[in-house]
Amino acid sequence: MHTKTLTELAQGLRTGEFSSIELTQAFLKRIKQHNHLNAYITVTEELALQNAKDADLRLSNDKADLLTGIPIAQKDIFCTLNIKTSCGSKMLDNFIAPYNATVVEKLNQAGAVMLGKLNMDEFAMGSSNETSHFGAVKNPWNINMVPGGSSGGSAVAVSAGLAVCATGTDTGGSIRQPAALCGITGLKPTYGRVSRYGMIAYASSLDQGGPMARNAEDTAILLQAMAGFDEKDSTSVNIPVPNYCSGLNNSLDGLKIGLPKEFFGEGLNNDVAVILETAINEYRKLGAEIIEISMPTLKLAIPAYYVIAPAECSANLSRFDGVRYGYRCNNPIDLTDLYTRSRGEGFGKEVKRRILMGTYALSAGYYDAYYLKAQKIRRLISQDFKNSFTKVDVIMGPVTPTTAFGIGDKMDDPIEMYLSDIYTIAINLAGLPAMSIPAGFVDGMPVGIQIIGNYFAEDRLLNIAHQYQHVTDWHQHTPKGFE
Amino acid sequence: MPLSANDVIKIAHLARLGINQQDIESYTKDLSSMLDLMTQMSELNTDNVEPMAHPMDQMQRLRTDLITEHNNREEFMTIAPQVEAGFYLVPKVIE
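Undergrad: In this structure, what is going on with the sheet that holds strand β9 (residues 394–398) of chain A? I would like to understand it.
TA: Backbone-to-backbone hydrogen bonds pair the strands of a sheet. The strands run either parallel or antiparallel. All names here are of chain A. Read from one edge to the other, the open sheet built from 11 strands follows the order β1-β3-β2-β4-β6-β5-β10-β11-β9-β7-β8, with strand pairing classed as mixed. Pairing within the sheet leaves two strands with one partner each, and these edge strands are β1 (40–43) and β8 (289–293). Averaged over all pairs of adjacent strands, the angle between their axes in this sheet comes to 30°, without regard to strand direction. Sheet topology note: the strand β10 (residues 434–442)/strand β11 (residues 445–452) ladder contains 8 bridges and is antiparallel. Residue Pro 438 lies in a different strand from β11, and its bridge partner there is Gly 448.

Right, here's the structure in full:
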């Protein structure tokens, strides 16, 4: 059952082939069986079975949504009422959220069954899922390799069949990069499309939640339930949500695909480049026209991001002070000691590095040189994209320079780790939607291709991904031992 | 290196962030490499460029001044490290 798509499972629930309880039990069993992957931080077994029971009732009453009775999992960055929400950190290891994130609320309303909370890099800061307080997550395609991050638990859960689909968040590539490295489909929506309410903040002007699933159609169904305006998020955009499934079968005839030459230069692994070329040829066969473009500001995305994201993180994470919730150190001697030690003991090394960087960039005398300069570069990057979208409909390129790297390989060199997000970061700075879909394998490890669209063109991206998946089967491969 | 160990100690104090003595050297090195990376930004002339805070240049949305939340004090206090008589407890601030 675990290799079936959401659409197939929704069908099975309706024909009575199986009940949501049976489906949920099957997934709970798999989670236990493959516990060594460390994909979950919390498994909510009892609640899941209760949800499944409610879903079966709802299905029998004919009041069901496509997601009703489908076992899904939430990245542990989304607050879940009365359930531990750790954000992958010791700081929140004891944090029982007193409310639901809007995304959680919406998926609950749709009748989805939540199996549990998924592992992630601490406070979503990382590209390998190794910074989690709860330990590294393992890539099911090779357990010595990282799954990518920060939504590593989400990508592994979908890839290994430990959930039908999952939520993720993407600040600099955290949905697309793990999706690519684990061979699944992931979509980072336009900034403001999915509510950030109850999604623990890392860099507020870049953070965006999105769906991760086995294929484009499932991704569309999950996005449909997640997207929409929310009064509770002041950056949420009030634009109607289209039907993401209705255009999936549209023809790609005449589609203009831009390939930025900056994406295909030095640094991109040759074998990965060959796979991308094959995928692009497939699009040519589907009727697309390929146009080479140039986006000279792309190379400044990494420096600008590593000013903006740490600056916003240092402000956002100042709320963790050991007073109202979260970790508190033992026997503080005074208030400064309480703050300093609670934060020092509660945060891991990567989080501290970014808080320090951000504090420096925002400190007196440096604000103009760093934060303001980076926000101006951000404008230029976004204009570069705007110019490109006058010539092409979508932009394609790699998601990552290589396939998954080894666990421990980049932990001692933060800059090396940051560079693994080189193709995804600019999209967050511009606030655009982008997808990663499976496009092949190098030495048995998955490779993804990135499709970047104009603002609110999620429906078009899903259509373009779906058409590719119609003529290829890369998305149907299952890692050995998880069939 | 653009930063010294003393700079790191000062920044950590500004952030009220405890760091271990033995980690200061590696933070100094890492932050210095990050700053080196950032010097690339000066390659690009950004005079007369408006800084970008929101991709849609959306302004902060205002709402009517109505009560939308009920009083959750007791509920929220159940997850606090230390409370007494409806107050959050911290070490003595005034002697």
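Undergrad: How should the nonpolar core be read in this particular structure?
TA: Most often, soluble globular proteins have nonpolar side chains that are buried together. Residue and element names in this part refer to chain A. Ranked by size, the top nonpolar core spans 166 residues in total, and within it Tyr 40, Leu 67, Phe 123, Tyr 283 and Phe 385 carry the most contacts. Here this core gets 10 residues from one element, more than from any other, and that element is helix α9 (residues 301–316). Tyr 283 has contacts with Leu 252, Ile 257, Ala 288, Met 396, Ile 437, Ile 451, Ile 464, Ala 465 and Tyr 468, leaving out every residue within four places of it along the chain.

Undergrad: Even after reading the chapter, I still don't get the interface of chain B and chain A, so can you show me in this structure?
TA: The accessible area lost on association of the parts is a frequent measure of interface size. Counting residues at the interface gives 50 residues for chain B, matched by 69 residues for chain A. Here chain B and chain A share an interface that buries about 5300 Å² over both sides, 69% of which is from carbon and sulfur atoms. The largest per-residue losses of area from chain B upon contact with chain A belong to Met 41, Met 52 and Arg 61 of chain B, which jointly make up 14% of the total buried on that side. Between chain B and chain A we count 1 salt bridge in total. With a closest N to O distance of 2.9 Å, Arg 353 of chain A and Asp 30 of chain B form a salt bridge. Run the count over chain B and chain A and you get 15 residue pairs in polar contact (both at pLDDT 80 or more). Mapped onto the side of chain B that touches chain A, the elements with two or more residues apiece are α1 (5–14), α2 (24–38) and α3 (73–77) of chain B. The element best represented in the side of chain B that touches chain A is α2 of chain B, accounting for 9 residues. In terms of residue class, the side of chain B that touches chain A is made up of 30 nonpolar, 11 polar and 9 charged.

Undergrad: Help me out: how do you make sense of a nonpolar patch on the surface in this one?
TA: Judged by side-chain polarity, Phe 76, Val 83 and Tyr 88 of chain B come together as a nonpolar surface patch covering roughly 230 Å² of accessible area. Following the sequence through the fold, Tyr 88 of chain B ends up in strand β2 (residues 87–88).

Scoring rules and cut-offs
Residue positions are given per chain, counted from 1 along the sequence in the order it is written. Here chains are named by letter from A upward and ligands by number from 1 upward, in the order in which they appear as written. In view of the model being predicted, local features appear only for residues whose pLDDT reaches at least 70, and side-chain atom pairs are presented and counted only at 80 or more, with totals across whole chains, interfaces and linings using the full set of residues. To get the side-chain values, take all heavy atoms of the structure and skip hydrogens and water. DSSP calls a pair of strands paired once it identifies at least 2 bridges connecting them. A run of H or I in DSSP becomes a helix once it reaches four residues, and a run of E becomes a strand once it reaches two; helices and strands are each numbered from the N terminus. To define axes, lines are fitted to C-alpha atoms, for helices over the stretch in contact only, and angles between the resulting N-to-C directions are given on a 0 to 180 degree scale. Note on terminology: a nonpolar core comprises buried Ala, Val, Leu, Ile, Met, Phe, Trp, Tyr and Cys residues joined through side-chain atoms within 4.5 Å. Buried, partly exposed and exposed residues are distinguished by accessible area as a fraction of the type maximum, computed with a 1.4 Å probe on protein chains only: under 20%, between the cut-offs, and over 50%, respectively. Note on contacts: a residue pair is in contact if any heavy atoms of the two residues lie within 4.5 Å. Accessible area that two parts lose when put together, evaluated with a 1.4 Å probe and summed over both, is termed the buried area. For this document, the term salt bridge refers to a Lys or Arg side-chain nitrogen within 4 Å of an Asp or Glu carboxyl oxygen. As used in this structure description, the phrase polar contact means that two N or O atoms lie within 3.5 Å; if the pair is within protein, one of them must be able to donate a hydrogen and the other to accept it, and residues adjacent in sequence are counted only when both atoms belong to side chains. Under the scheme applied here, ten amino acids are nonpolar (Ala, Val, Leu, Ile, Met, Phe, Trp, Tyr, Cys and Pro), four are charged (Asp, Glu, Lys and Arg), and all others, including Gly, are polar. Patch membership is restricted to residues that have no salt bridge and whose relative accessible area is over 30%. Joining uses 9 Å for like charges and 5 Å for the nonpolar side chains Val, Leu, Ile, Met, Phe, Trp and Tyr. Surface accessibility follows the Shrake-Rupley procedure with a 1.4 Å probe radius. Residue values consider only the protein chains on display as shielding.

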